[in-house]
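# Structure at a glance
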Amino acid sequence: MANSLPTEFDVIVMGTGLPESILAAACSRSGQRVLHLDSRSYYGGNWASFSFPGLLSWLKEHQQNSDTGEESPAAWQDMIHETEEAIPLCKKDETIQHAEVFCYASQGMDGNIVELGALQKNPSCVASSTLIKPLDSACLSEETHSSHITSYEVPTQDTPKNNEEITDTAETSVKEEYCGYDTYKHTVSDGTKDEIKPVLEDNSVPPKRKRIAYSQIVKEGRRFNIDLSSKLLYSQGLLIDLLIKSNVSHYAEFKNVTRILAFREGKVEQVPCSRADVFNSKELTMVEKRMLMKFLTFCLDYEQHPEEYQAFTQCSFSEYLKTKNLTPSLQHFILHSIAMMSESSCTTVDGLKATKTFLQCLGRFGNTPFLFPLYGQGEIPQCFCRMCAVFGGIYCLRHKVQCLVVDRESGRCKAIIDHLGQRINAKYFIVEDSYLSEETRSSVQYKQISRAVLITDQSVLKTDSDQQISILIVPPVEPGAHAVRIIELCSSTMTCMKDTYLVHLTCSSSKTAREDLESVVKKLFTPYSETEVDKEELPKPGLLWALYFNMRDSSGVSRSSYNGLPPNVYVCTGPDCGLGSEHAVKQAETLFHEIFPSEEFCPPPPNPEDIFFDGDEKPSEPLGTNNIVMAKLESFEGSKNLESSGKHLQN
């Protein structure tokens, strides 16, 4: 397919992250000829979701830190004319650093366990590299002592569901090759080693807690869908509105986040959100319930009462809350679990605005303001890619771009040269930040995001139902530190196997991800060991497996920070540290209107009843690149689209 690519397009998009995918869909929908490329072997970039073996393969690619796919410069320099110049692009992804993996679960199939602590004597960051192989399935191979990351061999196969799902054949292969494999087990906190003994089934005395071995996680690996970027969707947010307006919501399904949690005085508590929750709460006294309802009612229309907060505009939101006759517990709930702000960085106006946003999102699809897409956040970019393809967009994964070709006289970019030496012309070029070379980014100052992904055996707050989707903000202990956002997903989200939970931790980086997040992990979880499971019911969930890594945050970078960009080259940023995806949607819409100021951004698709073929009585006009002749959409009724998309929202 790559050898037969057309050589003329209106828009070329490089990278399949969320903002690039939205832009590609919007351009294709407006009738532009779109070529959408990605040097990786999967959709989504740093917005992607992986199965467990797919994630291990992704880690291995980053661990290798090599650029095996480099082409000779002469391959593209010979194609540059005298009146042109080239802007080379980056050949490897450098957005992921300091990746560290820890396995706390036992192997489960033999006792040949090696302590992981030996690997931690000489910590080193693991820089990322361009992905080379398709991330499909994993067969276990021997692991060396020179790295934090478990090494896996990945056979090349056709990729099934959601980036990386292993086939039944691969699953059998994993099971067979697992016997005799040496895995690593982390040292317990007191320095002693866990004894690993064969697990014997005893049906007469049911265990208090189900034992989960690493072999089970590997066997059920395709049931995991692990997000690189952990986010939720505000039910009244820009992304939900765009999904409904464009009908892209029909490509995905969603579940409500069921609980908002708070961490206070070393305990996890559930925060009442709706009016019914407030009055049904047993944690609050009647006086506190009245206080809370009065303050939340004020926040819904705080702009109408400026006299209530004008004197505190220069104060922090936490200081303002102290003046509102609220108890310390209510102040904590409002600041960290409703406004979801930190004490030091949040002003009074920002806090009131965040609280109002939270309240406005309540009740649209459930008792909390948030939704989560089944199979993970990586589904959302793919949904917009499907829309782009429906309207004629062309897609190529594993397709690298060597350089941009710039006309010296006009200063505008006119073409790209890909890794096959093919020259492809276009009018506009959209590039994800990680594709730009170090020279182009030399003046850019990036922030970093600290991320952790945990697999646990129980919820942080046990209830009668084991199918809870929760969000928890852990306040910083030290002044100036960052709060840690925790999203806990159950198996009904199709992101983890039964009897486990997938836990995502996110905060702005001040150090490496492990240094930023490990203290919070220790507060909430206990490293998993079979001896403790046998003895008693543990007070904390058991931690089976953990991954820490730092991700580049390019969301605050302005266009002027890049060196020598042609005016018709537009840069999209990667995921930010925020809970929602508002920044990505705003960026996509802003760039689209810069490129096509007279076009509507992602208009509703035509109603089949409004499509008229040649020979019909009503006049028709061509739409997009399709050969079907369609009439303009007469009107769009948001309520109808809301009803239709609501069929895909599960309570």
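See above for the structure.
Below is a summary of the structure that appears in this document. Being a predicted model, the structure only gives us computed values, none of them experimental.

Time to look at the pattern of salt bridges. What the rule picks out here adds up to 20 salt bridges. A salt bridge links E100 to R514; its shortest N-O distance comes to 3.4 Å. With E100 in strand β5 (residues 96-103) and R514 in helix α13 (residues 513-524), the pair connects residues that are 414 residues apart, well separated along the chain. Look at R514 and you get buried, because its relative accessible area is 19%. Here E265 and R264 are joined by a salt bridge, their closest N and O atoms 3.8 Å apart. Overall, E265 belongs to the exposed group, its relative accessible area being 66%. Each of the salt bridges in this network shares a partner with another, and the network as a whole consists of D10, R33 and K427.

Before going further, it helps to spend a moment on empty space enclosed by the protein. For the coordinates displayed, the defined rule picks out seven cavities of 30 Å³ or more. What the second largest cavity holds in volume is close to 90 Å³. Around the second largest cavity, the lining comprises 16 residues; the ones closest to its centre are R40, N46, E432, G574 and P575. The residue makeup of the lining of the second largest cavity, split by class, is two nonpolar, nine polar and five charged.

What follows concerns helix α10 (residues 328-338). Most of α10 is tucked away: 10 of the 11 residues are buried. Turning to α10, its buried residues number three or more, namely S329, L330, Q331, H332, F333, I334, L335, H336, S337 and I338. Just downstream of α10 lies M340, where phi reads positive at about 55°.

What follows covers the sheet that holds strand β19 (residues 423-425). Sheet architecture is open: four strands sit in the order β4-β17-β18-β19, paired in antiparallel fashion. The open sheet is flanked by β4 (84-88) and β19, the only strands paired with a single partner. When strand polarity is set aside, the average angle formed by the axes of neighbouring strands in this sheet is 30°. Two strands pair when backbone bridges link them, and β4 and strand β17 (residues 401-407) are joined in this way by five bridges, in the antiparallel orientation. Opposite I87, over in β17, you have L404 as the bridge partner.

On to the side chain of S246, then. In this fold, S246 is placed in helix α6 (residues 238-246). Here S246 falls in the buried class, since its relative accessible area comes to 4%. In this structure the side chain of S246 is engaged in a polar contact, spanning 2.7 Å, whose partner is the backbone oxygen of L242. Not counting the four nearest positions on each side in its chain, S246 is found in contact with F384, M387, C602, P603 and P605.

When you tally the buried positions in strand β21 (residues 447-456), you get eight out of 10 residues, the bulk of the element. Where β21 lies against strand β24 (residues 501-508), eight bridges are found, and the strand directions are antiparallel. From the neighbouring strand, V453 faces β24, where its bridge partner is H504.

Criteria and cut-off values
- Throughout, residues of each chain are indexed from 1 in the direction in which the sequence is written.
- Residue-level local features of this predicted model are given only where pLDDT is at least 70; pairs of side-chain atoms are given and counted only at 80 or more, and the full residue set underlies all totals for whole chains, interfaces and linings.
- Remark: hydrogens and water are excluded; side-chain values derive from all non-hydrogen atoms of the structure.
- The salt bridge criterion pairs a side-chain nitrogen of Lys or Arg with a carboxyl oxygen of Asp or Glu, the two atoms within 4 Å.
- Each helix corresponds to a stretch of at least 4 residues labelled H or I by DSSP, and each strand to a stretch of at least 2 residues labelled E; elements are numbered beginning at the N terminus.
- A 1.4 Å probe rolled over the protein chains alone gives each residue an accessible area, and that area as a share of the maximum for its type sets the label: buried under 20%, exposed over 50%, partly exposed in between.
- A cavity, in this analysis, means grid points on a 1 Å lattice covering only the protein atoms where a 1.4 Å probe fits yet has no way out; a pocket is instead an open set bounded by protein on both sides within 12 Å along at least five of seven lines, and a residue lines either one if it has an atom within 4 Å of a point.
- Grid points are joined across faces, edges and corners, and a volume is the space filled by probe spheres set on the points.
- Under the scheme applied here, ten amino acids are nonpolar (Ala, Val, Leu, Ile, Met, Phe, Trp, Tyr, Cys and Pro), four are charged (Asp, Glu, Lys and Arg), and all others, including Gly, are polar.
- Pairing between strands requires that DSSP locate at least two bridges from one strand to the other.
- Interaxial angle, 0 to 180 degrees, is taken between N-to-C directions of lines fitted to C-alpha atoms, where a helix line uses only the stretch in contact.
- In protein, a polar contact means a hydrogen-donor-capable atom and an acceptor-capable atom, both N or O and within 3.5 Å, with residues adjacent in sequence counting only if both atoms are side-chain atoms; elsewhere, any N or O pair within 3.5 Å suffices.
- Note on definitions: a residue-residue contact is assigned when non-hydrogen atoms from the two residues lie within 4.5 Å.

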